[in-house]
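An overview of the molecular structure
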Amino acid sequence: QVQLVESGGGLVQAGGSLRLSCAASGLTFRSYTMGWFRQAPGKEREFVAAISWTISTYYADSVKGRFTISRDNAKNTVTLQMNSLKPEDTAVYYCAGGSTLSGGAARSLNEYDYWGQGTQVTVSS
């Protein structure tokens, strides 16, 4: 049984930082592209960042230069370091896993097989 469990969300002031983590179990982690998506109230879920099984990274334009995604295949974890947070970053953040995704597929939520339950990030102005 595959499980993705996010942690690290919370409330932070604009300009602050948060670090999200996702612990994966039940899958061959090193063969999976891991992504972060987010969904704000009344909006569709959108791509934030992904790191492929070959350690290529992908970012949405809105977070490029502020967020950094990384993975630890020994610990089956993926991390999203979020700096210079803005109120518009407020959303529920979801971890997702998709087998051997790359390129455009790594940015598409429909390509991911497994999802976590989400963690709330709130950025106050």
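Residues numbered from 1 in each chain as written. Predicted model: local features only at pLDDT ≥ 70, side-chain atom pairs only at ≥ 80, totals over all residues. Heavy atoms only, no water.

Now for the state of the cysteines. Under the defined criterion, the tally for this structure stands at 1 disulfide. In this model Cys22 forms its disulfide with Cys95; the gap between the sulfur atoms is 2.1 Å. The sign of the S-S torsion, about -75 degrees, decides the handedness of the disulfide formed by Cys22 and Cys95: left-handed. With Cys22 in strand E3 (residues 18-25) and Cys95 in strand E9 (residues 91-99), the pair connects residues that are 73 residues apart, well separated along the chain. Cys22 gets classed as buried once you look at its relative accessible area, which sits at 1%. (Disulfide = S-S within 2.5 Å. Helix = DSSP H or I, 4+ residues; strand = E, 2+ residues; numbered from the N terminus. Buried < 20%, exposed > 50% of the residue type's maximum accessible area, 1.4 Å probe, protein only.)

Phi at Ile55 is positive, roughly 70 degrees, even though this residue is not glycine. Examined against the element boundaries, Ile55 turns out to sit in the loop between strand E5 (46-51) and strand E6 (57-59). Overall, the relative accessible area of 47% leaves Ile55 in the partly exposed class.

Glancing now at the nonpolar core. Counting residues in each nonpolar core, the largest one holds 36 residues, and the members touching the most others are Met34, Trp36, Leu80, Met82 and Tyr93. Sorting elements by how many residues they give to this core places E5 first, with 5 residues. In this structure Met82 touches Gly16, Ser17, Leu18, Leu20, Arg66, Phe67, Tyr93 and Val121, once residues within four positions along its chain are discounted. (Core = buried A, V, L, I, M, F, W, Y, C linked by side-chain atoms within 4.5 Å. Contact = heavy atoms within 4.5 Å.)

As for its position among the elements, Tyr93 is in strand E9. We classify Tyr93 as buried; its relative accessible area is 0%. Between the C-alpha atoms of Tyr93 and Arg38, which are 55 residues apart in sequence, the distance is 4.3 Å. Among the polar contacts made by the side chain of Tyr93, one reaches the side chain of Arg38 at a distance of 2.9 Å. (Polar contact = N/O pair within 3.5 Å; in protein donor to acceptor, adjacent residues only side chain to side chain.)

On strand E11 (residues 119-124), burial follows the alternation: Thr119, Val121 and Val123 on one face are buried, whereas Gln120, Thr122 and Ser124 on the facing-out side are not. Strand direction decides the pairing type here: strand E2 (residues 10-13) and E11, joined by 4 bridges, are parallel. Paired with Val12 across the strands is Val123, a residue of E11. Pairing of E9 with E11, which is carried by 3 bridges, proceeds in the antiparallel orientation. Each residue of the ladder has a partner; that of Ala91, found in E11, is Val121. (Pairing = 2+ DSSP bridges.)

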